[in-house]
Amino acid sequence: MKSLYEIARIKIEQRNFYEAYHTLQRATLLELEEKAFSKLKLFTEGVIHLMKRKFEEGVTNLTDVIKKQEVGDHFLPMAFNYRAYGYFCCSKTKVNNFFNFLRLIPIKGSIR
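1. Some points on helix H2 (residues 17-29)
Stage number 1. For H2, which comprises 13 residues, the first-to-last C-alpha distance of 18 Å matches the rise-based estimate of 18 Å (1.5 Å per residue) to within 8%.
Stage number 2. Looking at H2, one finds that the buried residues are Phe 17, Ala 20, Thr 23, Leu 24 and Ala 27. Around the axis of H2, the buried residues are gathered within 125 degrees of arc, so they sit on the same side.
Stage number 3. The distance from a side-chain oxygen at the start of H2 to the backbone nitrogen of Glu 19 is 3.4 Å, and the residue carrying that oxygen is Asn 16.

Here is the structure:
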């Protein structure tokens, strides 16, 4: 169970979202219902919707992930980044999204 989670996490870090989604589907088929799997699955579904040009669905999934802050600090900047891309593609540019993303990334030499 832990190994499937780690494989999915590594695939997401490598930006291989289809493979991560497939790994999370395997966990579902093995009936390993755990919150960690559902959290990452929602995140990967959101990104895959964006890749399939289903921007509204992708933005909705990523907004749910961000509001609940389910994926942890490591994937949260990616969620903001991909949601901003989805808004941009929907012509609903949200400058606030960009600034939230920038707050999460440490800048070299910053005094934060």
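Now that the structure has been shown, we can carry on.
2. Quick look at the pattern of salt bridges
Stage number 1. Tallied over the entire structure, the rule returns two salt bridges.
Stage number 2. A salt bridge links Glu 6 to Arg 9, with the shortest nitrogen-to-oxygen separation between them at 2.7 Å. Of the two residues, Glu 6 and Arg 9 both sit in helix H1 (residues 2-13), three residues apart, roughly one turn of that helix.
Stage number 3. Across the pair Glu 13 and Arg 9 runs a salt bridge, and its minimum N-O distance is 2.6 Å. In this pair, Glu 13 and Arg 9 are both assigned in helix H1, four residues apart and thus about one turn of the helix distant.
Stage number 4. For Glu 13, a relative accessible area of 32% translates into the label partly exposed.

3. Let's talk about the packing of aromatic side chains
Stage number 1. Enumeration according to the criterion identifies four aromatic pairs in this entry.
Stage number 2. Between Phe 17 and Phe 43 the ring centres are 6.2 Å apart and the planes differ by 65 degrees, which places this aromatic pair in the edge-to-face class. Of the two residues, Phe 17 is situated in helix H2 and Phe 43 in helix H3 (residues 35-51); the sequence distance between them amounts to 26 residues. Comparing Phe 17 with Phe 43 shows no difference in burial state: the two are buried.
Stage number 3. Arranged with centres 6.3 Å apart and planes meeting at 75 degrees, the rings of Phe 55 and Tyr 85 form a pair that is edge-to-face. Of the two residues, Phe 55 is situated in helix H4 (residues 55-68) and Tyr 85 in helix H5 (residues 72-89); the sequence distance between them amounts to 30 residues.

Quick notes on the rules
- Residues numbered from 1 in each chain as written.
- Predicted model: local features only at pLDDT ≥ 70, side-chain atom pairs only at ≥ 80, totals over all residues.
- Heavy atoms only, no water.
- Helix = DSSP H or I, 4+ residues; strand = E, 2+ residues; numbered from the N terminus.
- Expected span 1.5 Å × (residues − 1).
- Buried < 20%, exposed > 50% of the residue type's maximum accessible area, 1.4 Å probe, protein only.
- Arc of directions from axis to C-beta.
- Polar contact = N/O pair within 3.5 Å; in protein donor to acceptor, adjacent residues only side chain to side chain.
- Salt bridge = Lys/Arg side-chain N within 4 Å of Asp/Glu carboxyl O.
- Phe/Tyr/Trp six-rings, centres within 6.5 Å; stacked < 30°, edge-to-face > 60°.

Coordinates in, geometry out; function isn't part of it.
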